[in-house]
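A structural walkthrough
One-letter residues, chain by chain:
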Amino acid sequence: MSLVADFIKRFEGYAKRLKTGHCTTYLCSAKVLTIGYGSTGRGVAPGVIWSHAQASKRFEQDLQQFAQGVYALSPVLHFETEGRQAAIISFAYNCGLTAYKNSSLRRAVNRLDWPEAQRQLMRWTRAGGRVVKGLENRRRAECALIDL
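So, how was this worked out
Residues numbered from 1 in each chain as written. Predicted model: local features only at pLDDT ≥ 70, side-chain atom pairs only at ≥ 80, totals over all residues. Heavy atoms only, no water. Helix = DSSP H or I, 4+ residues; strand = E, 2+ residues; numbered from the N terminus. Rg over C-alpha atoms; globule rule 2.2 N^0.38 Å. Contact = heavy atoms within 4.5 Å. Areas by Shrake-Rupley, 256 points an atom, 1.4 Å probe, with all protein chains shown as cover. Lys, Arg positive; Asp, Glu negative; His and termini not counted. Charge placed at Lys NZ, Arg CZ, Asp CG, Glu CD. Salt bridge = Lys/Arg side-chain N within 4 Å of Asp/Glu carboxyl O.

Of regular secondary structure, the chain possesses 7 helices and 6 strands. On C-alpha atoms alone, the chain measures out to a radius of gyration of 15 Å, which is about the 15 Å that the 2.2 N^0.38 rule sets for 148 residues. Once the C-alpha set of the chain is aligned to its principal axes, its extents read approximately 45 × 30 × 25 Å. Here the analysis covers contacts within the chain between residues at least 6 apart in sequence; of these, 51% occur between residues at least 24 apart. Accessible surface, the chain as shown: approximately 7,700 Å² in total, 55% of it carbon and sulfur. When the 22 basic and 11 acidic side-chain charges of the chain are each reduced to a single mean position, those positions are 9 Å apart.

Our next topic: the pattern of salt bridges. Per the stated rule, a full pass over the model turns up 7 salt bridges. The partner of Glu116 in a salt bridge is Arg119, with the nearest N and O atoms 2.9 Å apart. Taken as a pair, Glu116 and Arg119 lie in helix H6 (residues 114–121) at a separation of 3 residues, close to a single helical turn. Notably, a salt bridge pairs Glu142 with Arg139, separated by 2.6 Å at the nearest N-O pair. One end of the pair is Glu142 and the other is Arg139, both in helix H7 (residues 133–146) and 3 residues apart, which spans about a single turn. Through salt bridges with shared partners, a single network forms among Glu12, Arg138, Arg139 and Glu142.

Here it is in structure tokens:
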């Protein structure tokens, strides 16, 4: 699997696992209905249950959609390291393409100002109005990918 897929799966996890190995929907710390490897949106409703295969397939589809969106918003990333690409795709997967599109992070990436991009990443550590340790850890890890 690719660096970005492995990285995102590590932070998203396979949640909310049932004893059968399937997963069901839950509210994440940002109060967004989520299933599997962080999937949201279409097909994600209260009480939905997916098999691991369904969750994996949806993850691959979502990852492709977010990667395409990030490259459209920041074409300069095509020429950057795999680590930098993974960091920004991970951010967009976690926070959404609209958040990335409207962010100072995107402006820093498009200027190739990687120290500023790292500073901007660290601003995104809150969910539900509070700092979340898991988001702090993820943002630090994304910053580390930028330096790979």
